[in-house]
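So the chains spell out like this:
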Amino acid sequence: ADNFAAHGTLGINLLRVNRLKDARLHLELAHRGHGFDARVVNTLRLLDTLDGFETYRSQAAVLRISVDEAAVLTPYVVEAIDRARREMAERYDFVLERPVVVELYPHHDDFAVRTAGLPGIGILGAAFGDVVVMNGPSAQSADDFDWANALWHELAHVFTLNMTNNLVSRWFSEGVSVFEEWTHGPTPRASVSMGFIEAYADGRLLPIAELENGFMRPTYPDQIEVSYIQSGLVCQFIDMNFEQGL
């Protein structure tokens, strides 16, 4: 009962499975016992922010979104969730049993705290089973952030995680999500960076059996980005060269 670090970690992880009330209970207990844990303080403040969000609910979706953006974005997000559920269910022969929870944050640091308890992480979205949390369109410049495609990417993760009871390998789940972006997303297009071309030319691509290491144990600065693209290309190859495809 007095392991306050454990209560804090449990609270953050309960948020990832959409148990907001239980999460607050454990986070507040952790804060009362040890008020200097930055992750706990940040996450409690984040929960106060979430309390001010609007919530849309249907059988297919739960959307939490800032009041300032709700009127404009809710129809687009709900339509994307409905389309993803319908099309991916047919494509992968799997029907989601629970609503998809999506939270859109207008400030990147709020999203970062929601994901890891601390600001400053360099990702755009994350999926935890049925829960998708991500930057909204206000969080970054439209010049380098296609939020609608990023949402489609995360929705594909919901399918691969649910289909495998969260046991899918990181590289394959990312590969399917990149493939989905390239071929079925709101703005479908393949995108291969110069960094990937240089890695290919230098022989730095990993064998498929080792591709997980590109995400989990990178050995050069842009290897994670390179591994995203390589994983997407592997899934595209499967789709193009095998009868059943993806």
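Here the structure is a predicted model, which is why all the values come from computation and not from measurement.

A. Quick peek at helix 8 (residues 194–201). Along helix 8, the residues that are buried comprise G195, F196 and A199. Down the axis, helix 8 shows its buried residues gathered within 100° of arc, on one side only. Pointing more than 90 degrees away from the buried face of helix 8 are the exposed residues M194, Y200 and A201. G203, located one to two residues past helix 8, shows a positive phi value of around 75°.

B. Local environment of the nonpolar core. Among the nonpolar cores identified, the biggest contains 34 residues, and V77, V102, L104 and L151 are the most heavily contacted of them. Sorting elements by how many residues they give to this core places helix 4 (residues 67–92) first, with 10 residues. Contacts of V77, omitting those with residues within four sequence positions, involve L63, V102, L104, W147 and L151. Among the nonpolar cores identified, the runner-up in size contains 20 residues, and A30, L44, L50 and V101 belong to it.

C. Main features of the environment of T115. Within the secondary structure layout, T115 lies in helix 5 (residues 108–116). With a relative accessible area of 8%, T115 lands in the buried category. The spatial distance from the C-alpha of T115 to the C-alpha of M134 is 8.8 Å, given a sequence separation of 19 residues.

D. Spotlight on the pairing of strand 1 (residues 54–57). The sheet contact formed by strand 1 and strand 2 (residues 61–65) spans 4 bridges and is antiparallel. Counterpart to T55 in the pairing with strand 2 is R64. In textbook terms, the turn of a hairpin is the stretch between consecutive antiparallel strands, and for strand 1 and strand 2 this stretch comprises 3 residues.

E. Highlighting the pattern of salt bridges. Considering all chains together, one arrives at 12 salt bridges under this definition. Residue E103 pairs with R114 through a salt bridge whose shortest N-O separation is 2.8 Å. Remark: R114 occurs in helix 5 and E103 occurs in strand 3 (residues 100–105); sequence separation between them is 11 residues. An identical accessibility class is assigned to E103 and R114; each is buried. Linking R170 and E174 is a salt bridge whose minimum nitrogen-to-oxygen distance equals 2.9 Å. A residue pair is termed a helical-turn pair when its members lie 3 or 4 positions apart in one helix, as R170 and E174 do in helix 7 (residues 170–184) at 4 residues. Each of R24, E28, D48 and D51 takes part in a single network of salt bridges with overlapping partners.

F. Region of interest: helix 7. Taking 1.5 Å per residue, 15 residues should reach 21 Å; helix 7 reaches 21 Å between its end C-alpha atoms and fits that length. When you tally the buried positions in helix 7, you get 11 out of 15 residues, the bulk of the element. Taken together, the buried residues of helix 7 touch helix 4, helix 6 (147–163), helix 9 (211–216) and helix 10 (223–241).

G. How the structure looks around the packing of aromatic side chains. For the coordinates displayed, the defined rule picks out 4 aromatic pairs. Here W171 and F172 contribute two aromatic rings whose centre-to-centre distance is 5.5 Å and whose plane-to-plane angle is 80°, an arrangement assigned as edge-to-face. Assessed through its relative accessible area of 27%, F172 is described here as partly exposed. Their ring planes at 70° and their centres at 6.5 Å tell us that F237 and F242 sit as a pair that is edge-to-face.

H. Representation of the packing of helix 7 against helix 10 within the structure. The geometry of helix 7 relative to helix 10 is characterised by a closest axis approach of 7 Å and an angle of 70° between their N-to-C directions. Comparing their axes, helix 10 and helix 7 come out roughly perpendicular. Two secondary-structure elements touch here, helix 7 through R170, W171, F172, E174, G175, V176, V178, F179 and W182 and helix 10 through Y228, I229, S231, G232, L233, V234, C235, Q236, I238 and D239. Residue composition of the contact of helix 7 with helix 10, by class: 12 nonpolar, 4 polar and 3 charged.

The rules behind these values
- Residues numbered from 1 in each chain as written.
- Predicted model: local features only at pLDDT ≥ 70, side-chain atom pairs only at ≥ 80, totals over all residues.
- Heavy atoms only, no water.
- Buried < 20%, exposed > 50% of the residue type's maximum accessible area, 1.4 Å probe, protein only.
- Helix = DSSP H or I, 4+ residues; strand = E, 2+ residues; numbered from the N terminus.
- Arc of directions from axis to C-beta.
- Core = buried A, V, L, I, M, F, W, Y, C linked by side-chain atoms within 4.5 Å.
- Contact = heavy atoms within 4.5 Å.
- Pairing = 2+ DSSP bridges.
- Salt bridge = Lys/Arg side-chain N within 4 Å of Asp/Glu carboxyl O.
- Expected span 1.5 Å × (residues − 1).
- Phe/Tyr/Trp six-rings, centres within 6.5 Å; stacked < 30°, edge-to-face > 60°.
- Axes fitted to C-alpha atoms, helices over the stretch in contact; angles between N-to-C directions.
- Parallel < 35°, antiparallel > 145°, perpendicular 65-115°, else oblique.
- Nonpolar A, V, L, I, M, F, W, Y, C, P; charged D, E, K, R; others polar.

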